[in-house]
Amino acid sequence: MVTAAKTNLFGLAPSAMRAFFVGMGEKPFRAAQVLQWIHHYGADSFDSMTNISRPLRQRLAEVAEIMAPEIVLDQEAADGTRKWLLRLADGNCIETVFIPEEGRGTLCVSSQVGCTLNCSFCATGHQGFNRNLEAAEIIAQLWVANRALGRDPRGERLITNVVMMGMGEPLLNFDNVIAAMQLMLDDMAYGLSRRRVTLSTAGVVPAIDRLRDTCHVSLAVSLHAPNDALRDRLVPLNRKYPIAELLDACRRYVAGDGGRRVTFEYVMLAGVNDSIGQARELVGLLSDVPSKVNLIPFNPFPEGVYERSQRAAIDRFRDVLMNAGLMTVTRKTRGDDIDAACGQLAGRIEDRTRRSLRTRQGSVSQP
Ligand code: SAH
């Protein structure tokens with residue numbers, strides 16, 4: 001006898017959870033109860049759901065499951081950064097990183113198994129692409145990390161912020177990322193404010209507008225270059241959506257939203273994009289976009305061809321931006337002793353694009 005696949009309740013955003021219960025002939029408020037059990041209390045079995053009758057729990061166990069990925073590696077860096085390698089049902093592995101800071105804790109969440117964009121300075125890009133993560137696999141990263149971290153002495157959660165800055169391009173996995181972010185924002189699940197959830201994109205322009213209309217979280221854009229000629233080489237997606245179109249989408253994203261700014265990420269690559277002239281060009285570019293700039297010292301990885309800018313070069317670059325009135329922060333390098341820093345996440349994936357193979361053979365064109 002063939003049994004129907006069980007629904008993994010992790011993947012159901014609040015509206016889908018209500019539809020699920022109504023479909024079972026149950027009252028919609030059951031959705032709120034189950035969301036709370038799973039996401040608030042970290043339950044992974046129906047037995048613990050004591051405000052739900054035993055017969056309903058039994059019916060639930062027949063048609064549904066709460067299936068989290070398995071933790072294969074749990075590493076802690078000298079600076080307290082923690083990284084989990086999670087094995088998915090199909091054997092692929094993805095990474096999730098927790099970054100503790102004074103007064104807040106940020107979880108860096110992956111959205112795809114690998115990435116299709118092939119940015120030349122990024123480890124994930126070099127390993128190729130396998131598939132999109134399901135909504136369940138995205139939100140489960142938050143669930144796993146919350147369970148592993150426990151609560152602080154006041155009973156509060158350690159994760160106060162989420163950034164969709166792990167492996168993958170979140171806007172190329174739009175529906176699943178939205179469903180997961182709706183759970184992050186929902187009071188019955190994680191209850192984070194939309195300002196504490198940040199989606200980072202390499203610049204999928206049409207999807208930026210869709211994001212504004214469906215789930216208006218904080219936006220970060222991986223810019224990395226002040227002109228199209230250089231950005232075409234660093235972020236190949238730029239050939240499809242050049243800088244002018246990208247910045248227009250950014251302006252639309254924050255228009256009328258109470259002084260919100262777009263965060264522009266700029267990875268500092270020695271001798272490539274870190275000159276004073278390029279800093280001035282960047283100032284000109286961002287002069288009429290409500291923005292903050294995050295300078296990210298390049299983090300090396302085995303197949304990488306770049307070098308990190310010297311500290312002095314980063315400081316000079318920052319000073320040009322700051323003197324022009326641009327809010328600028330140099331991101332601290334966190335967790336690099338366990339390869340958990342920006343651009344170092346690689347998981348263990350089966351590459352279906354065969355890009356990783358070509359990279360190893362040296363036939364991928366490098367800038
Ligand atoms: N695809 C999305 C989400 C990934 S975010 C995006 O491009 O925004 C990961 C961030 O780390 C991006 O800003 C990315 O450009 C940056 N990054 C990638 N490789 C890096 C490296 N080797 N060193 C430092 N930052 C890197």
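Computed from a predicted model, the values in this text were never measured in an experiment.

1. A short note on the domain arrangement of the protein
Domain annotation of the protein identifies domain 1 (7-65) and domain 2 (70-364). Put simply, the middle of domain 1 and the middle of domain 2, counted by C-alpha atoms, are 32 Å apart. With 16 residues of domain 1 at the contact, the number on the domain 2 side is 16 residues. Together, the buried faces of domain 1 and domain 2 total about 1,300 Å²; carbon and sulfur atoms form 62% of this surface. On the domain 1 side of the interface with domain 2, the three residues burying the most area are Phe10, His39 and His40, jointly 44% of the side's total. Taken together, the connections running from domain 1 to domain 2 amount to one salt bridge. Close ionic contact of Asp44 with Arg147 constitutes a salt bridge, the shortest N to O distance being 3.3 Å. On the surface where domain 1 and domain 2 come into contact, there are eight residue pairs in polar contact (both at pLDDT 80 or more). Broken down by element, the side of domain 1 that touches domain 2 gets its largest block of residues, six residues, from helix 2 (residues 29-40).

2. A short note on the environment of Pro28
Of note, Pro28 is situated in the loop between helix 1 (14-23) and helix 2. The residues contacting Pro28, other than those within four sequence positions of it, are Arg18 and Val22.

3. Observations concerning the pattern of salt bridges
Per the stated rule, a full pass over the model turns up 23 salt bridges. Here Arg318 and Asp315 are joined by a salt bridge, their closest N and O atoms 3.7 Å apart. Of this pair, Arg318 and Asp315 both sit in helix 11 (residues 311-323), three residues apart, roughly one helical turn. Arg318 sits in the partly exposed class, given a relative accessible area of 22%.

4. Side note on the packing of helix 7 (residues 205-214) against helix 9 (residues 243-254)
For any two helices packed against each other, the geometry is given by the interaxial angle and the distance between the axes. One way to put it is that helix 7 packs onto helix 9 with a least axis distance of 9 Å and a crossing angle of 5°. Of the possible angle classes, the one that applies to helix 7 and helix 9 is roughly parallel. Counted together, Val205, Ile208, Asp209, Leu211 and Arg212 of helix 7 and Glu245, Leu246, Ala249, Arg252 and Tyr253 of helix 9 form the full contact between these two elements. In terms of residue class, the contact of helix 7 with helix 9 is built from six nonpolar, no polar and four charged.

Cut-off values and rules
- Residues numbered from 1 in each chain as written.
- Predicted model: local features only at pLDDT ≥ 70, side-chain atom pairs only at ≥ 80, totals over all residues.
- Heavy atoms only, no water.
- Domains from an automatic or database assignment.
- Contact = heavy atoms within 4.5 Å.
- Buried area = accessible area lost by both parts, 1.4 Å probe.
- Salt bridge = Lys/Arg side-chain N within 4 Å of Asp/Glu carboxyl O.
- Polar contact = N/O pair within 3.5 Å; in protein donor to acceptor, adjacent residues only side chain to side chain.
- Helix = DSSP H or I, 4+ residues; strand = E, 2+ residues; numbered from the N terminus.
- Buried < 20%, exposed > 50% of the residue type's maximum accessible area, 1.4 Å probe, protein only.
- Axes fitted to C-alpha atoms, helices over the stretch in contact; angles between N-to-C directions.
- Parallel < 35°, antiparallel > 145°, perpendicular 65-115°, else oblique.
- Nonpolar A, V, L, I, M, F, W, Y, C, P; charged D, E, K, R; others polar.

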